[in-house]
Amino acid sequence: MEIKTSKDKLQQFAQDILVASGADKEEAGILAEVLVWCDFVGRDNQGVWRLPILTERIEKGLVNTPCHYSLEKNSSS
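Residues numbered from 1 in each chain as written. Predicted model: local features only at pLDDT ≥ 70, side-chain atom pairs only at ≥ 80, totals over all residues. Heavy atoms only, no water.

A. Structural detail: the overall build of the protein. For the protein, the count of helices and strands is three helices and zero strands. Listing every helix and strand of the protein by position from the N terminus yields α-α-α. Computed over the C-alpha atoms, the radius of gyration of the protein is 15 Å, more than 25% above the 11 Å expected from 2.2 N^0.38 for a compact globule of 77 residues. Considered along the principal axes of its C-alpha atoms, the protein spans approximately 60 × 25 × 20 Å. Expressed as a percentage of the 77 residues in the protein, the buried residues total 26%. Put simply, of all contacts in the protein between residues at least 6 apart along the chain, 48% involve residues at least 24 apart. (Helix = DSSP H or I, 4+ residues; strand = E, 2+ residues; numbered from the N terminus. Rg over C-alpha atoms; globule rule 2.2 N^0.38 Å. Buried < 20%, exposed > 50% of the residue type's maximum accessible area, 1.4 Å probe, protein only. Contact = heavy atoms within 4.5 Å.)

Laid out in structure tokens, this is it:
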């Protein structure tokens, strides 16, 4: 069975699923955009089909969200 939807609706669906599993809304939006982009450019191995895997990891606490990062300048001189 083939289901057709718009890029925007698919992206919103993915974001809603990620947020419902505990992801930060802003980060979920970015990730949803990337997942949908992968599907639309033919990179199916990284597309929306990964949502069950990602949501399971978020729910188990294996993914920190929101992500807090810091940048350090390393220099050998």
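Text resumes after the structure shown.
B. Spatial organisation of the side chain of Gln15. By the element assignment, Gln15 lies in helix H1 (residues 7-20). Of the residues examined, Gln15 reaches a relative accessible area of 14% and is grouped as buried. In contact with Gln15, not counting residues within four places along its chain, are Lys25, Ala28, Gly29 and Ala32.

C. Examining the packing of H1 against helix H3 (residues 51-59) more closely. Two elements in contact, H1 and H3, have axes whose closest approach is 9 Å; the angle formed by their N-to-C orientations is 25°. When the axes of H1 and H3 are compared, the pair comes out roughly parallel. Relative to H3, H1 is oriented so that their crossing is right-handed. Only Leu51, Leu54, Thr55 and Ile58 of H3 make contact with H1, whose side of the interface consists of Phe13, Ala14, Ile17 and Leu18. Within the contact of H1 with H3, the residues separate by chemical class into seven nonpolar, one polar and no charged. (Axes fitted to C-alpha atoms, helices over the stretch in contact; angles between N-to-C directions. Parallel < 35°, antiparallel > 145°, perpendicular 65-115°, else oblique. Left-handed = near helix turned anticlockwise from the far one by under 90°. Nonpolar A, V, L, I, M, F, W, Y, C, P; charged D, E, K, R; others polar.)

D. Examining the packing of H1 against helix H2 (residues 25-40) more closely. Where H1 contacts H2, the axes come no closer than 8 Å and their chain directions differ by 135°. Relative to H2, the element H1 lies oblique. For H1 against H2, the interelement crossing comes out right-handed. Contact residues: H1 offers Lys7, Leu10, Gln11, Ala14, Gln15, Leu18 and Val19, while H2 offers Lys25, Ala28, Gly29, Leu31, Ala32, Glu33, Val36 and Phe40. When grouped by side-chain class, the residues that make up the contact of H1 with H2 number nine nonpolar, three polar and three charged.

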